[in-house]
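Survey of secondary and tertiary structure
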Amino acid sequence: MPELPEVETVKLGLNQLVIGKKVASVNFNWSKSFPNAPEDVRQFLVGAQLLAVRRRAKVLIIELDSKYSLLIHLKMTGQLVFVGTQTRFGAGHPNDSLIGQLPDTSTRVTFTFTDGSFLYFNDQRKFGWVRLVPTAEIPNIDFFKKVGPEPLAADFTVAAFHQRLLRRPGSGIKAVLLDQTVIAGVGNIYADESLWAAKIHPITLVRSLSASQTKTLFIALRDVLELSIAKGDSSDKNYVDAQGKKGSYSSFAKVFRREGQPCERHPDTMIIKLRVAGRGTHICPQCQKVVI
DNA sequence: CACTTGACCTGTCCGC
DNA sequence: TGCGGACAGGTCAAGT
C-alpha cells in the first residue's frame, strides 16, 4: 500500500495540519490496530501535545511532549486523515467535504484534539497499526535496528546502494528491492517502475547485475520516488493523503497496473503481468529480458 | 543459512 | 443476481 512517497506525503501534510495540537481523547475499536494498554494511553497520550511528524522507511513517527511517540504503519490500506471544523476553516477548505464523512466502517482509531478537530486512522484490512512507545526507545526497536538506509538520503550513493544489494547476491533483484533490511521504503509499485526504467528483468540475480545496470537502477529508483513525492504522492485505490485527497502518480506509472497496454518505449509490445517474489509484477517483455 | 510461503483481514472484481 | 475464488501497495513467522 502506501510506500515511501505516500508515507512521506502524509508526513508533509500532517506537519501542516496537526503540529501543536493537544490530544483530548482517543477511541479505538480494534485492539490489534492500537495494542497499547489503556492506562498508557491515558498517561502518555491523552493531554499530550504533538511536536513533530517524521518518517523512517514506511513508518510515521509522531513525537509527543510526553517523552512518548506514536508509531504508525499504514500497511496495505491504512489512511491518516485530518478533519478540521467548519468554523476553523470556513467554506471552501478542502476538508469541509470530509466533515460528517468520518468516522466510517474502516475507522480503527479516532484522535480528538482539544480544538475540536480530528485525526482518523482508517484501515479496511486491519493490517496497519498505531503504537505508543517511549521516544528514547525507538532506536532500540527491532525494525529500526534492521531497516536499511533511506534511498533519498543525500549521503546515499551508488556505491552504498550496490553494497546493500550485495547482502543478497543470490536473490532476484525485485525481491531484494522489496527487502526493507536492504533499502527502506520501496514497495511493489516503485520496484516495478524502477526496474522498467532501468530495463532490468525483476528475476535478474543481484550478482549478475553489471556496474552500469546497478547505477542505472539507482538513478531510476530515486527518480521514481522523487517524482511521486513531487506529484503529491501517488497511488491507487485506498491511498489518500492527510487531507483525504487521492494521488495522481498512477497516471505517471509506466508499467504498474498497465498490463495489456503498450510499452512507452515499444508501442508494439504490451505490458504483461507475472508473479515474482510472490507479488504481482509488471514488465515490458521487450525492454526487460531475462538474464540470469 | 537463504529463500519462499502462509498468515494476518476485508472488499472488489471476474467468471460461471 | 448470486457465489466461489483470486487478488490487493506490507511484513512477520514458519516452512523447505
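Presented here is a report on the structure given in the accompanying data block. (Residues numbered from 1 in each chain as written. Chains lettered and ligands numbered in written order. Predicted model: local features only at pLDDT ≥ 70, side-chain atom pairs only at ≥ 80, totals over all residues. Heavy atoms only, no water.)

A closer look at the nonpolar core
- In terms of nonpolar packing, the biggest core is built from 32 residues, with L14, F34, L45, L64, L70, L80 and F111 touching the most fellow members.
- In terms of residue count, the dominant contributor to this core is helix 1 (residues 4-17) (four residues).
- When neighbours within four sequence positions are excluded, L70 is seen to be in contact with F34, L45, L60, I61, I62, L64, F111, V130, R131 and L132. (Core = buried A, V, L, I, M, F, W, Y, C linked by side-chain atoms within 4.5 Å. Buried < 20%, exposed > 50% of the residue type's maximum accessible area, 1.4 Å probe, protein only. Helix = DSSP H or I, 4+ residues; strand = E, 2+ residues; numbered from the N terminus. Contact = heavy atoms within 4.5 Å.)

Points about the protein's contact with DNA strand B
- Looking at DNA strand B, the residues that line it are W30, K32, Q124, R125, K126, F127, R168, G170 and S171.
- Within 4 Å of the protein, atoms of DNA strand B come from sugar and phosphate in 61% of cases.
- Between DNA strand B and the protein, one listed contact pairs a base oxygen with a side-chain N or O atom of R125 at 3.1 Å. (Near = heavy atom within 4 Å. Polar contact = N/O pair within 3.5 Å; in protein donor to acceptor, adjacent residues only side chain to side chain.)

Observations regarding helix 1
- Taking 1.5 Å of rise per residue, the 14 residues of helix 1 would be expected to cover 20 Å, and the 20 Å separating its terminal C-alpha atoms lies within 8% of that figure.
- Counting buried positions along helix 1 gives 11 out of 14 residues, so the element sits mostly inside the fold.
- Along helix 1, the residues classified as buried are L4, P5, E6, V7, E8, T9, V10, K11, G13, L14 and L17.
- Buried-residue contacts for helix 1 involve strand 2 (50-56), strand 3 (59-64), strand 5 (78-83), strand 7 (118-123), helix 7 (188-197) and helix 8 (211-230). (Expected span 1.5 Å × (residues − 1).)

Notes on the packing of helix 1 against helix 8
- In the contact formed by helix 1 and helix 8, the axes pass within 9 Å of each other and the chain directions differ by 35°. Where helix 1 crosses over helix 8, the two elements pack in a sense that is right-handed. Along its contact with helix 1, which presents L4, P5, E6 and E8, the element helix 8 presents L225, S228 and I229.
- Residue composition of the contact of helix 1 with helix 8, by class: four nonpolar, one polar and two charged. (Axes fitted to C-alpha atoms, helices over the stretch in contact; angles between N-to-C directions. Left-handed = near helix turned anticlockwise from the far one by under 90°. Nonpolar A, V, L, I, M, F, W, Y, C, P; charged D, E, K, R; others polar.)

Points about the sheet that holds strand 1 (residues 23-28)
- Overall, antiparallel pairing links the four strands, which are arranged 1-6-7-5 in an open sheet. Each end of this open sheet is capped by a strand with a single partner; those strands are strand 1 and strand 5. Adjacent strand axes in the sheet meet at a mean angle of 15°, parallel and antiparallel pairs treated alike.
- Summarising the sheet, strand 5 and strand 7 pair through six bridges and their orientation is antiparallel. Bridge pairing links G78 to D123 in strand 7. (Pairing = 2+ DSSP bridges.)

Fair warning: the whole summary comes from geometry, so function is off the table for now.
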